[in-house]
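# Structure assessment
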Amino acid sequence: MFKIRSLFLFVFLVARVLSAQGFDDFGRTPRQRASKMLSKGYCSEALRIYKQLYATDSLRQDYLAISSCLTCQKKHNESIKWLQRLRFQDSQYVPVYYRIARAYIAIPNEDSALFYFKRYIKKYEERLAVTMDGSEVDPRAWLYMGNIYRVRMHQKGITDKEWIDMVYAYERYLQIRPNDPMQYQIQLFLDEVGERRPDPEGILIWDEKS
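Residues numbered from 1 in each chain as written. Predicted model: local features only at pLDDT ≥ 70, side-chain atom pairs only at ≥ 80, totals over all residues. Heavy atoms only, no water.

## What about the overall build of the chain?
For the chain, the count of helices and strands is ten helices and two strands. Counting helices and strands in the order they occur from the N terminus, the chain gives α-α-α-α-α-α-α-α-β-α-α-β. Within the chain, buried positions represent 36% of all 210 residues. Intrachain contacts of the chain at a sequence separation of at least 6 include 49% that bridge at least 24 residues. Put simply, the chain shows about 13,200 Å² of open surface, and 54% of that area lies on carbon and sulfur atoms. (Helix = DSSP H or I, 4+ residues; strand = E, 2+ residues; numbered from the N terminus. Buried < 20%, exposed > 50% of the residue type's maximum accessible area, 1.4 Å probe, protein only. Contact = heavy atoms within 4.5 Å. Areas by Shrake-Rupley, 256 points an atom, 1.4 Å probe, with all protein chains shown as cover.)

## Points about the side chain of D138
Along the chain, the position of D138 falls in the loop between α7 (110-131) and α8 (140-155). Not counting residues within four places of it along the chain, the set of residues in contact with D138 comprises Y98 and Y120.

## Focus: helix α4 (residues 60-72)
The terminal C-alpha atoms of α4 lie 19 Å apart, and with 13 residues this matches the ideal 18 Å at 1.5 Å per residue to within 8%. Looking only at α4, the buried set comprises D62, Y63, L64, A65, I66, S67, C69 and L70. Elements in contact with the buried residues of α4: α2 (30-39), α3 (43-56), α5 (76-89) and α6 (95-106). Phi turns positive one or two residues past the end of α4, at K74, with a value near 65°. (Expected span 1.5 Å × (residues − 1).)

## Digging into the environment of L70
In this structure, L70 sits in helix α4. Sequence spacing of L70 and L47 is 23 residues, and the spatial spacing of their C-alpha atoms is 7.6 Å. Discounting chain neighbours no more than four positions away, the residues touching L70 are L47, K75, E78, S79 and W82.

## Focus on the pattern of salt bridges
Inspection of every chain in the model, using the stated rule, returns ten salt bridges. In this structure, R140 and D138 form a salt bridge, with 2.6 Å as the shortest nitrogen-oxygen distance. The class of R140 is partly exposed, set by a relative accessible area of 33%. Between K161 and D165 there is a salt bridge, with the nearest N and O atoms lying 3.1 Å from each other. Here D165 and K161 lie together in helix α9 (residues 160-176), a separation of four residues that amounts to about one turn. (Salt bridge = Lys/Arg side-chain N within 4 Å of Asp/Glu carboxyl O.)

Have a look at this one:
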C-alpha cells in the first residue's frame with residue numbers, strides 16, 4: 001500500500017512540474033506537444049518527437065519542424081540538409097526557398113543566401129502568374145537582400161551591379177511595406193547611397209560614416 005501511495009505521489013509531482021513548465025499535454029496531439037516544447041526552447045525533446053512523426057508520416061510540416069529544431073540547436077548545416085530534402089521532394093513549395101536562405105544567413109554564407117532569396121521571389125512570381133491566388137510574398141526577402149549588400153558594402157565593397165540590386169531590394173521592400181517603422185531610415189540611406197553609385201568597373205566601399 002505504501003508503494004502504491006509513493007508511486008501515486010511521484011506521478012502527481014511530475015505532472016505538477018510539467019504543468020508548471022507549460023507542458024500540460026492533456027488533449028494535445030504529438031505535434032502540438034512538440035511545438036509547445038520548441039517554443040519554450042526544449043529543442044532536443046521537440047526534435048525527438050518530430051523525428052518519430054517523420055518516420056511514420058514524412059509530412060511537409062515535419063521537415064520544416066525538424067529544421068526549426070536543428071536551428072534551435074544552432075546546427076545550421078543539418079537544418080539546411082532537411083530543407084534541401086523538402087526542396088528536392090517538392091520543388092514547387094515556395095516557402096522552403098525562403099527558409100533555406102534564412103538558414104544560410106546564420107552560417108553565414110551570403111552568396112547562397114542571396115541565391116535562395118532570389119529563387120524564392122522568382123518561384124513566388126511564377127506561382128502567382130499561374131494560380132493568381134493572391135497569396136503574399138514575404139517582403140523581408142528584399143529587406144534581407146538589401147541588408148546583405150549593405151554589410152558587404154561596409155566590409156569589402158560592392159560592384160555596380162550589386163549596388164543596383166541593393167537599391168532595388170530596399171525600394172521593393174518599401175513598396176510592399178510603406179509603413180515599416182524603419183522606412184524613414186531606409187529612405188534616408190537610399191538618398192545618400194544614391195549619390196555614391198560606383199563606376200561600371202568600380203567598387204563602392206562606404207561605412208556610412210564619412
